[in-house]
Amino acid sequence: MSMRVAWARWYWIVILTTCAARTASDWLDCAQIATCRCKWSSGKKTASCASSDLRRPPALSSDIQVLDLHDNPLRNLPQEVFASIGLLNLQRLNLRATNLRSIHADAFLELRILIEVDLGDNDLSHLPRDIFRGNERLRLVVLSNNPLTTLIADQFPPLPHLRMLLLDGCRLRSIHTNALRNLKSLETIDLRRNQLTFLRLVTFSLPALKTVSLSGNPWRCDCRLREFKDWFLDSKLGTEELLCVEPSTQAGNKWRHVPSESMACPPEIKSSTLIVRAEVGLPTTFGCWVHGVPKPQVTWLFDGIDVHNSTVDCDMEEADTSVEDDSEDRVPGSVRWVNVTLLNVTSSAAGEWTCVAKSIAGEARAIISLVLPRSQTATARTAPGIPHLLGVVFGALGILATLGFIAAVACWHLRRRSVPPSRSFTDQEKRLIDASVVVSCDRSIGDMASPCDFELTERISEDPSRGCGFEPVHITIEGTPGAYPPPPAEFAVPVPYGNIFISVQVAGRGDPGKYPDLLSGGATLPRRNRTCCAATPAYDNMGPRVTATGSSTWSLPGASTENLEVSETPVLTLPPPPPEFVSL
């Protein structure tokens, strides 16, 4: 029985030893990756894969606690790059000189027991916010010699165990006031060899801070650095001798040898507006915003003269305010508005108003132009602008009259060339222009003014084929000779004859029964109805005729209207012409 028990014990010991050896050989073989060496180091399972030309972290045993990837061309770390290959037990991670240019914000997610990470000597110019989220046990972070230029607000998540942060040899120009506020256990921070010109005291108000290294920065010993410099020298956080580089008056001086009162900043000044438009007789206010350390003295100039020495009546007042923006370059100091109030604006107040701020560090100016409407600046006792307005009106009228005269002269010359002048005819000329009135039945009655059309022709003979038995009646066109008075308006005829009147001569005037109206002092012409030639012709007293174009006939009193159809053309009734205009 005892032999069996001993044999069983020996059997299990062999199995456990074999399993243990086999398990140990699994992580020691580094998952058969030839470029990596796995070993025990300082009591940790360590995988050294430095200078192995790896492009991404290798898939090793999940037992690995320390991973050295130094000098591999990784270039970037994607999201959860280590958790995805099962390396969840990593405690120390060396990624120095791996050509890293970008890191995903969740690259180290799920590495809950990670205590050290070295990212030095890479090409990181930007760090994602909360880059170490989930790595609450971190104690050391190395970011040395990366081209980082700034640390933003809340750059790091809450890391309650972080003791050391190394940022030496970077290119930091600014550190946000709240960049480190989640590192409550931070004891050491190394900021040597950066491009920092000033720091703020509130940035380093950390309860556990013991060492701050700041040498090798181009410190500008002015008002922005004064508060931090006084605190740092009193805190004993560093033993280095820090030197001023700027301004030139302080270059080369040690911090401890620079009096705080001499660390000043030139004033900053901004005007409330560039142009102020005011009304005469009304109040107006304008001002300038002034910031400076130490508090600058502010004066106002009007056209280059101090307002206290000028004739302009104004009031000045100051009001403290706050910094208008969140610029990290500006530090708290004297910030105020300096305003000028003109209770009664006059024309003499128009001009340039200059706000001048002076301190031991320099001078700054802001210019405001006060302008008035032009109509308000007139000094005449009469209503402003009336003489000028009258001059413009009369000038315009003169120009219009001149243009009208020129147009009238041009029209007169044109008319003179195109219209022959009226003149008187001799008896011989009258005979030459005698014409006969011939009845025409061919033209449309709708185009005529009277029911029967009359045409002026050069023929004396009548065409008997037309069936009209009227005897010819001769008319003579006479001008306006000097011997006769001008004809009445109703006898006026358009161009080309000018003002004319018509006299009628009828053969056989001794027969009063044939043309009775002609012998009673009026000239008559036969008028026919729509049938052209009626059995009993009707006559009317001849009024004005437009003989050349065949236009309308005007009937005079005494004309018979029996058996006549109403013409489409209106009929105008006129008084009989004077006897001197009728030739029998």
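In this text, all values refer to a predicted model and were calculated from it rather than measured experimentally.

Caption draft 1: Main features of the sheet that holds strand E3 (residues 66-68). The strand order across the open sheet built from nine strands is E1-E2-E3-E5-E7-E8-E10-E12-E13, with neighbouring strands paired in mixed fashion. Two strands bound the open sheet, and with one partner strand each, they are strand E1 (37-41) and strand E13 (211-213). Going across the sheet, the axis of each strand differs from the next one's by a mean of 5°, ignoring polarity.

Caption draft 2: The arrangement of helix H2 (residues 223-235) in detail. Between its first and last C-alpha, H2 extends 19 Å over 13 residues, near the 18 Å set by a 1.5 Å rise per residue. All of the buried residues along H2 are Cys223, Arg224, Leu225, Phe228, Lys229 and Phe232. Against the buried residues of H2 lie E13, strand E14 (219-220), strand E16 (265-271) and strand E18 (284-293). Where H2 ends, the next residue or the one after it, Lys236, has phi of about 65°, a positive value.

Caption draft 3: Quick peek at the confidence of the model for the protein chain. With 62% of its residues at a pLDDT of 70 or more, the protein chain has an overall mean of 74. Overall, residues 435-470 carries pLDDT values under 50, and its contacts beyond four positions in sequence, including any with other chains, amount to 77 contacts. Of the regions scoring below 50 in pLDDT, residues 490-499 engages in 22 contacts with residues more than four places distant in sequence or in other chains.

Caption draft 4: Looking closely at the pattern of salt bridges. Tallied over the full model, the rule gives 18 salt bridges. The salt bridge partner of Glu110 is Arg112, with a shortest N-O separation of 3.3 Å. We classify Glu110 as partly exposed; its relative accessible area is 32%. Notably, a salt bridge pairs Asp168 with Arg193, separated by 3.1 Å at the nearest N-O pair.

Caption draft 5: Region of interest: the nonpolar core. Phe82 and Phe108 are the most contacted members of the largest nonpolar core, which has 68 residues in total. Per-element tally for this core: the top contributor is H2, with three residues. Residues contacting Phe108, with those up to four places away along its chain left out, are Leu77, Phe82, Leu93, Leu95, Ile103, Val117, Leu119, Ile131, Phe132 and Asn135.

Caption draft 6: A look at the side chain of Gln65. Relative to the helices and strands, Gln65 is located in the loop between strand E2 (44-48) and E3. In this view, Gln65 contacts Gly43, Lys44, Lys45, Asn89, Leu90, Gln91 and Arg92; residues no more than four positions away in its chain are not counted.

Cut-offs applied
- Residues numbered from 1 in each chain as written.
- Predicted model: local features only at pLDDT ≥ 70, side-chain atom pairs only at ≥ 80, totals over all residues.
- Heavy atoms only, no water.
- Pairing = 2+ DSSP bridges.
- Helix = DSSP H or I, 4+ residues; strand = E, 2+ residues; numbered from the N terminus.
- Axes fitted to C-alpha atoms, helices over the stretch in contact; angles between N-to-C directions.
- Expected span 1.5 Å × (residues − 1).
- Buried < 20%, exposed > 50% of the residue type's maximum accessible area, 1.4 Å probe, protein only.
- Contact = heavy atoms within 4.5 Å.
- pLDDT = per-residue confidence, 0-100.
- Salt bridge = Lys/Arg side-chain N within 4 Å of Asp/Glu carboxyl O.
- Core = buried A, V, L, I, M, F, W, Y, C linked by side-chain atoms within 4.5 Å.

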